[in-house]
Amino acid sequence: MSTHPDKGLTTSHENLFTFHLLDSITIPTFAINTQHEITHWNKALEKATGFLAVDMIGTKKQWKPFYPNPRPTLSDLIIEGAKDESVERFYTNKYHRSNVLDNAFEAEDFFPTIGSGEWLLFSAAPILNANHDIIGAVETLINISEQKHSEKRLFDNQQKYRELSTLDDLTQLYNARHFFSEFNSEVSRCDRYRQVLSICMLDLDDFKQVNDTYGHQFGNTVLTGFADIIKENIRHVDVAFRYGGEEFVILFPFVISNKAAIAVKKIRAQQAQKNFVTDEGKTVNITVSAGVATYLTKEGANSFIKRADKAMYQAKENGKNQVVIAK
Ligand SMILES: Nc1nc2c(ncn2[C@@H]2O[C@H](COP(=O)(O)OP(=O)(O)OP(=O)(O)O)[C@@H](O)[C@H]2O)c(=O)[nH]1
């Protein structure tokens with residue numbers, strides 16, 4: 001037996017070995033016994049928390065560097081035979097079971113009082129004797145603030161990218177958000193310079209049934225195939241958008257509706273003839289209905305799009321697979 005010089009604790013050779021072993025590890029670590037008393041508090045933990053081993057070993061103050069009031073740490077819960085419910089109570093939505101060790105838990109949290117506020121990842125595991133009885137628990141702490149900040153930066157950048165993004169992922173046509181900003185500025189240009197502008201709303205026919213019968217993935221293939229037909233049949237000054245699920249819009253600057261309808265009729269005809277082949281090898285044709293309108297000076301964006309929409313619904317009511325020009 002040896003005696004730890006600082007605390008006068010009697011320790012076996014193995015305990016002393018563990019004591020020095022933990023001190024050689026650069027990850028902040030402490031251990032407690034079944035009475036919840038701290039038995040080990042390594043140098044890395046002293047450095048991370050500012051709390052010295054000499055003041056901590058032999059006490060039950062493992063909570064002190066982290067929380068304003070006494071409460072169980074993860075290792076205390078392990079000693080109590082941690083069950084998910086008890087860990088959940090103290091680490092609500094912040095913990096998970098370790099995928100390395102049985103009966104070990106990990107939790108992460110933000111600690112405003114440590115430094116200028118730090119994110120820590122705790123891992124706690126039981127220490128078992130030869131009979132598999134719990135004789136203590138060991139807990140490590142890792143500062144994950146840098147990782148958290150990087151995750152946040154990445155998330156913010158992705159968010160910004162999404163906001164700035166103007167393309168629809170599936171069809172690579174412009175998306176609805178981009179449509180509204182483009183549409184409004186095109187309409188104001190028409191008002192200011194008395195330019196001609198036509199719009200076409202297109203809606204695939206019975207698309208719900210297509211999805212329901214052949215599956216969502218097949219539906220997506222139809223959407224991309226249709227988008228390709230649109231791209232092939234418009235001029236470079238025309239702009240096509242995916243407006244909603246199976247709804248598309250095309251803006252035709254400088255042309256009246258009759259002229260725009262020529263392109264739209266070609267799109268309709270090609271779509272009606274296109275064979276989409278299912279996984280089972282079945283050939284399916286999916287038609288499209290469309291409404292075309294030309295801007296009436298000063299009518300405003302709302303009225304303009306409503307007229308095109310109404311024409312499209314007229315095409316549906318007339319039996320689908322056709323193009324209607326708004327009055
Ligand atoms: N596969 C796929 N389906 C989508 C997507 N977005 C929307 N949809 C589906 O498109 C279908 C649209 O159905 P409805 O608005 O009822 O229109 P419809 O069945 O074509 O009826 P009509 O317009 O009268 O011909 C719904 O089943 C949506 O789930 C998508 O990105 N992919």
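For the structure itself, look to the data block above.
Just so it is clear, the structure is predicted and the values come from calculations on it, not from any experiment.

**Q** I'd like a rundown of the overall build of the protein chain, residues and numbers included.
**A** The number of helices and strands found in the protein chain is 11 helices and 15 strands. The buried share of the protein chain, reckoned over its 327 residues, is 44%. Here the contacts in the protein chain between residues at least 6 apart in sequence split such that 51% fall between residues at least 24 apart.

**Q** An account of the environment of D228 is needed here, citing residue identities and associated values.
**A** Relative to the elements of secondary structure, D228 occurs in helix α9 (residues 216-233). Residues D228 and Q172, spaced 56 residues apart in sequence, show a C-alpha to C-alpha distance of 9.3 Å.

**Q** Quick one: what's the story with the packing of aromatic side chains, residue by residue and with numbers?
**A** Throughout the structure, instances matching the rule amount to 19 aromatic pairs. Measuring from ring centre to ring centre gives 5.6 Å for Y67 and F111, while their planes differ by 65°; the resulting arrangement is edge-to-face. Here the residue Y67 occupies a position in the loop between α3 (53-56) and α4 (74-79), and F111 occupies one in strand β6 (residues 105-111), the gap between them amounting to 44 residues. Judged by relative accessible area, which is 10%, Y67 ranks as buried. Relative accessible area serves as the criterion here: at 2%, F111 is assigned to the buried category. On the numbers, 5.4 Å between centres and 85° between planes, the contact of F179 with Y243 is edge-to-face. Of this pair, F179 sits in helix α7 (residues 176-193) while Y243 sits in the loop between β10 (239-242) and β11 (247-253); the two residues are 64 residues apart in sequence, bridging distant segments of the chain. Judged by its relative accessible area of 23%, Y243 is partly exposed.

**Q** Account for the site of the ligand, naming residues and giving values.
**A** Contacts to the ligand come from 16 residues, most closely from D206, F207, N211, N220 and R242. Out of a free accessible area of 670 Å², the ligand has 66% covered by protein chains. Considering each element in turn, the shell around the ligand owes the most residues, 4 residues, to α9. Its residues assigned to classes, the shell around the ligand shows 3 nonpolar, 5 polar and 8 charged.

What counts as what
Residues numbered from 1 in each chain as written. Predicted model: local features only at pLDDT ≥ 70, side-chain atom pairs only at ≥ 80, totals over all residues. Heavy atoms only, no water. Helix = DSSP H or I, 4+ residues; strand = E, 2+ residues; numbered from the N terminus. Buried < 20%, exposed > 50% of the residue type's maximum accessible area, 1.4 Å probe, protein only. Contact = heavy atoms within 4.5 Å. Phe/Tyr/Trp six-rings, centres within 6.5 Å; stacked < 30°, edge-to-face > 60°. Near = heavy atom within 4 Å. Areas by Shrake-Rupley, 256 points an atom, 1.4 Å probe, with all protein chains shown as cover. Nonpolar A, V, L, I, M, F, W, Y, C, P; charged D, E, K, R; others polar.

Without other data, these values stay purely geometric and don't point to any function.
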